[in-house]
Amino acid sequence: MGSEPDRAAFAGGGSATAGRKRRGFSAFWTRQFHTWHWMSSAICLVVMLLFAITGITLNHAGDIEASPQVASREATMPASVLKTLRQRSNESVPPAAMRWLDDEFDVNLAGRIPEWNPDELYVALPRPGGDGWVSVDLATGLAIHEDTDRGTIAWLNDLHKGRDTGPAWAWFIDIFAVACVVFCATGFLLLQLHARRRPSTWPIVAAGVVIPMLLLVFLMH
């Protein structure tokens, strides 16, 4: 049977081991939160700046002057190509006509939805920061292409909104949004870990919640 000092030493050793486990658990998660926080911030850095700046430009869109540049071109479609339009077997633009329009006007109709009228083919060509369309008179073969460029700020604003940017950018925005959620969530957990040494933490967090709510309730018309 062990002596009192031995039992005390054993108890003390057990307490120290438990303390080390608690400290080790906390240190492990602290490292994880820091790792995920800086990784998500690295992913979000440039695009978050883009979205923050374009948030300002969108909020003041009426105050920012824009001078759209409109360019229009015309050409006559060869009879052999025009014949493929008249004899189309489905709703898509025949490949020969797509190639000719691409060569003539530098427009890519892949994935575009055409509008067929009895005497005209019309294809809308919206894009970030601009707009456009192409039409072909099925009787005469006259092809008209018009392109509108609304400038760099409009292009950046459309990237912010995901307007006419295609599936790749849409997927990127979704991934970026997930990274922002990770960044905010790990930041909140790090605030919780360090709040004891920083008494102003929770008042500032509360202000970040209360101020927008007050604006929404009392100042939004």
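Residues numbered from 1 in each chain as written. Predicted model: local features only at pLDDT ≥ 70, side-chain atom pairs only at ≥ 80, totals over all residues. Heavy atoms only, no water.

Here's the deal with a negative patch on the surface
Phase 1: Residues Asp102, Asp103, Glu104 and Asp106 make up a contiguous surface patch of negative charge.
Phase 2: Assignment of secondary structure puts Asp102 in helix H3 (residues 95-105). (Patch = residues over 30% accessible without salt bridge, like charges linked within 9 Å, V, L, I, M, F, W, Y side chains within 5 Å. Areas by Shrake-Rupley, 256 points an atom, 1.4 Å probe, with all protein chains shown as cover. Salt bridge = Lys/Arg side-chain N within 4 Å of Asp/Glu carboxyl O. Lys, Arg positive; Asp, Glu negative; His and termini not counted. Charge placed at Lys NZ, Arg CZ, Asp CG, Glu CD. Helix = DSSP H or I, 4+ residues; strand = E, 2+ residues; numbered from the N terminus.)

What to know about the confidence of the model for the chain
Phase 1: The share of residues in the chain with pLDDT of 70 or more is 89%, and the mean pLDDT across the chain is 86.
Phase 2: Helix H1 (residues 4-59) is the least confidently modelled element of the chain, averaging 72 in pLDDT, while strand E5 (residues 142-149) averages 97, the highest of any element. (pLDDT = per-residue confidence, 0-100.)

Considerations on the nonpolar core
Phase 1: Counting residues in hydrophobic clusters, the biggest one holds 20 residues, and the most contacted among them are Met77, Leu85 and Leu101.
Phase 2: Where this core is concerned, the elements lending two or more residues are helix H2 (79-86), H3, strand E3 (120-124) and strand E4 (130-137).
Phase 3: Here the element with the most residues in this core is H3; it accounts for 4 residues.
Phase 4: Formed by 7 residues, the second largest nonpolar core is a distinct cluster that contains Cys44, Ile173, Phe176 and Cys180. (Core = buried A, V, L, I, M, F, W, Y, C linked by side-chain atoms within 4.5 Å. Buried < 20%, exposed > 50% of the residue type's maximum accessible area, 1.4 Å probe, protein only.)

Looking at unusual backbone geometry
Phase 1: With phi around 60°, Asp106 is a residue other than glycine that occupies positive phi space.
Phase 2: Note that Asp106 resides in the loop between H3 and strand E2 (114-117).
Phase 3: For Asp106, a relative accessible area of 66% puts it in the exposed group.
Phase 4: The phi torsion at Asp164 lies on the positive side, around 55°, for a residue other than glycine.

Some details on a nonpolar patch on the surface
Phase 1: Taken together, the side chains of Val209, Val210, Ile211, Met213, Leu214, Leu215, Leu216, Val217, Phe218, Leu219 and Met220 make up a nonpolar region of the molecular surface, amounting to roughly 1100 Å² of accessible area.
Phase 2: The topology assignment puts Ile211 in helix H6 (residues 201-219).
Phase 3: Look at Ile211 and you get partly exposed, because its relative accessible area is 49%.

Regarding the side chain of Thr201
Phase 1: On the secondary structure map, Thr201 appears in helix H6.
Phase 2: Sequence-distant contacts of Thr201, defined by excluding residues within four places in its chain, comprise Leu191 and Ala195. (Contact = heavy atoms within 4.5 Å.)

A short note on the sheet that holds E3
Phase 1: Taken in spatial order, the 5 strands line up as E1-E5-E4-E3-E2 in an open sheet, and their pairing is antiparallel. Two strands lie at the open edges of the sheet, namely strand E1 (69-76) and E2, each paired on one side alone. Ignoring which end each strand starts from, the neighbouring axes of this sheet average 15° apart. (Pairing = 2+ DSSP bridges. Axes fitted to C-alpha atoms, helices over the stretch in contact; angles between N-to-C directions.)

Brief notes about the layout of surface pockets
Phase 1: When its volume is computed, the largest pocket comes out at roughly 220 Å³.
Phase 2: As for the largest pocket, its lining consists of 14 residues, of which Ala66, Arg150, Ile153, Ala154 and Asn157 are closest to the centre.
Phase 3: Where the lining of the largest pocket is concerned, the elements lending two or more residues are H1 and helix H4 (152-161).
Phase 4: Here the lining of the largest pocket is built from residues that sort into 6 nonpolar, 4 polar and 4 charged.
Phase 5: Of the pockets and cavities examined, the second largest pocket occupies roughly 160 Å³. (1 Å grid on protein atoms, 1.4 Å probe; cavity = no way out; pocket = protein on both sides within 12 Å on 5 of 7 lines; lining within 4 Å. Points joined across faces, edges and corners; volume = space filled by probe spheres on them. Nonpolar A, V, L, I, M, F, W, Y, C, P; charged D, E, K, R; others polar.)

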